[in-house]
Amino acid sequence: MSFFKKSGAPAPSVTPAPAARSVARQLGVLSSLGVLSAVVITLCTNILVSRFYTRWDVTSAGLYTLSPPSVETLHGLSDNIDILVFLSQSDPQLGGVQRLLAEYEAESKLVGVRYVDPDRDPAEFIALQNRYRLMEGRAEEGHLVSDAALVVARGKARWVITADDIALYDDERGTVRPQLEQAITEGVRQVLQPKPTEVCFSSGHQEPDPDDGGPTGLGALRHTLQKNNYGTRDVDLTGVASDLGLMSCDLVIVAAPAQIFSTVATARLVSAVRRGKNVLVSAGPSLNEDNRAVPSGLEPLFEVFGVRAQPHLIFERDPDAALPIGLGGEVFLATPKPHAITEGLLEGGEARLRVLMQLAASFEGTKPARELLTTSGKAFALESAAGLATTGLVIDAVEHDAEGPFVVAMASELEALAGPEKRGARLVVLGSAGPLLGSTWQDPTLAGTRRFIESAVSWLVSRPSLVSLGEKPERQVALHFTEQSLLEVARYILLYMPGTALALGLLILYRRRWTRAAARSGQAAK
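We now turn to the structure provided with this report.

**Observations regarding the sheet that holds strand β1 (residues 81-85)**
Note on sheets: strands pair through backbone hydrogen bonds, and any given pair is parallel or antiparallel. Strand order in the open sheet formed by four strands is β2-β1-β5-β6, with mixed pairing between adjacent strands. The two strands at the open ends of the sheet, each matched to only one other strand, are β2 (111-115) and β6 (157-161). Adjacent strand axes in the sheet meet at a mean angle of 20 degrees, parallel and antiparallel pairs treated alike. With four bridges joining them, β1 and strand β5 (residues 150-154) adopt antiparallel strand pairing. Across the sheet, the residue bridging to Ile-83 is Val-152, located in β5. Against the sheet, helix α4 (residues 94-107) makes contact with β1, β2 and β5, and its axis sits at roughly 160 degrees relative to β2, the strand it touches most.

This is how it looks when you write it as structure tokens:
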């Protein structure tokens, strides 16, 4: 070896041994198999992900989990639905919109989402704005703006969702309530039914005002109908032109009349149902001057459908159904019976949700009438309310005129008429005036009552159920400091954070000194 080094001649080449060549070949084969396995695993993973789409909503309130009505709507699609989003990249609402729309796309391949940034794509935005007849302008900074945040479209039919529909802000309380899912699903329902169904509210017998948005008005019901692409208007059944007005009505709603219906008005309703019109009646017991229950005047209409009204006042005595209000028992929860209207209230044949009734009367029926809501067997009825104002009255001690159970809501359908109609007129009658009033939509605890009314309307006009999703919980978006919280913040800023930084610094300094001391000790030992 020293000879080769001194002479500068190259070292002789060494021929690899057969064993070394074998090991190299094996390593090459294993490397190739590893790469091939990685490719196969990647392909299989992508195939599984494309076939079985799964997302996890880790928000505590399930903000990005679709409600059953939305899923039902998407699964029933038979045509493409386009959702256009006109939010800029800087819009703080864009992230939440994207995550929720991803759920819509995952549920149905017929849903297509397209994002158009008005700032980055002004030409495309203006073209779509003209196509869908959207209002457009410019902000002070020069950015293009529109009153439409999203547009749900199906062919020429379109439904506009504004920024106010995405979330409801309460500046005083500093909270926000998401409502985008409600708006999108309503939009899908709207474009699926581009021709509005005409709903007429009866008037002329002191019915509540359909424009009254309070708890005793019909404004909440009208708003719910309009948001679901129902056209609404009033029809005075006492007027001479009411027969003509009823001609275009798909559904007539008689809600909480304070007066007994006139013979002429009832005859007009009977004539309308003979022509295939549908009727929803919600009326409590009618009382005369002596506070005795008397016929409501609508009996001829009920008889056409095989329904017979019982003029009395019901008291529920089952503690699981009666609410402790007033005398006790006049306000109660009615139990749903199996029917297309009550499917959403039942689970496994048992009542999952019940319907609030107050000051109710009952009905009896023959075919084709069917029961919808009933009381318990502990309920009783009184034909006169004259003695109920007595001080210290014990309601159970009052002599009963009838014993339960009672039927407090019924549905009926006539035979199909000759012509293109596939069915005859339908009737839903409730023995209480309360379910159609505004409190049903304003009180979140009345989900069962709300769902019952919405399903009844849908069944009457043979349309999909109205969209009434459960409200998402409010979230705090503003900071509210109390004196105690300010002291806590001060402790974090002035004590905890500097103290933690100082402790970490001392720990690092100690570690460095200990490392250097150990190194010096090692060198001294050598």
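Now that the structure is up, let's keep going.
**Describing helix α8 (residues 219-227)**
Counting buried residues in α8 gives seven out of nine residues, a clear majority hidden from the surface. Looking only at α8, the buried set comprises Gly-219, Ala-220, Leu-221, Arg-222, Thr-224, Leu-225 and Lys-227.

**Quick look at the pattern of salt bridges**
Here the structure, examined in full by the defined rule, presents 12 salt bridges. Residue Asp-234 pairs with Arg-222 through a salt bridge whose shortest N-O separation is 2.8 Å. Taken as a pair, Asp-234 in strand β10 (residues 230-236) and Arg-222 in helix α8 lie far apart in primary sequence, 12 residues in all. Between Glu-364 and Arg-308 there is a salt bridge; the shortest N-O distance is 2.4 Å.

**Some points on the environment of Gly-217**
Mapped onto the fold, Gly-217 is located in the loop between β9 (197-203) and α8. A sequence separation of 10 residues divides Gly-217 from Glu-207, and the C-alpha atoms of the two residues are 9.0 Å apart.

**So, the state of the cysteines**
Enumeration over the complete set of coordinates arrives at one disulfide. Covalent S-S linkage joins Cys-200 and Cys-249, the inter-sulfur distance amounting to 1.9 Å. Its S-S torsion of approximately -90 degrees makes the covalent link between Cys-200 and Cys-249 left-handed. Of the two residues, Cys-200 sits in strand β9 while Cys-249 sits in the loop between α9 (242-246) and β11 (251-255), which places them 49 residues apart along the sequence. When sorted by exposure, Cys-200 lands in the same class as Cys-249, which is buried.

Calculation criteria
Residues numbered from 1 in each chain as written. Predicted model: local features only at pLDDT ≥ 70, side-chain atom pairs only at ≥ 80, totals over all residues. Heavy atoms only, no water. Pairing = 2+ DSSP bridges. Helix = DSSP H or I, 4+ residues; strand = E, 2+ residues; numbered from the N terminus. Axes fitted to C-alpha atoms, helices over the stretch in contact; angles between N-to-C directions. Contact = heavy atoms within 4.5 Å. Buried < 20%, exposed > 50% of the residue type's maximum accessible area, 1.4 Å probe, protein only. Salt bridge = Lys/Arg side-chain N within 4 Å of Asp/Glu carboxyl O. Disulfide = S-S within 2.5 Å.

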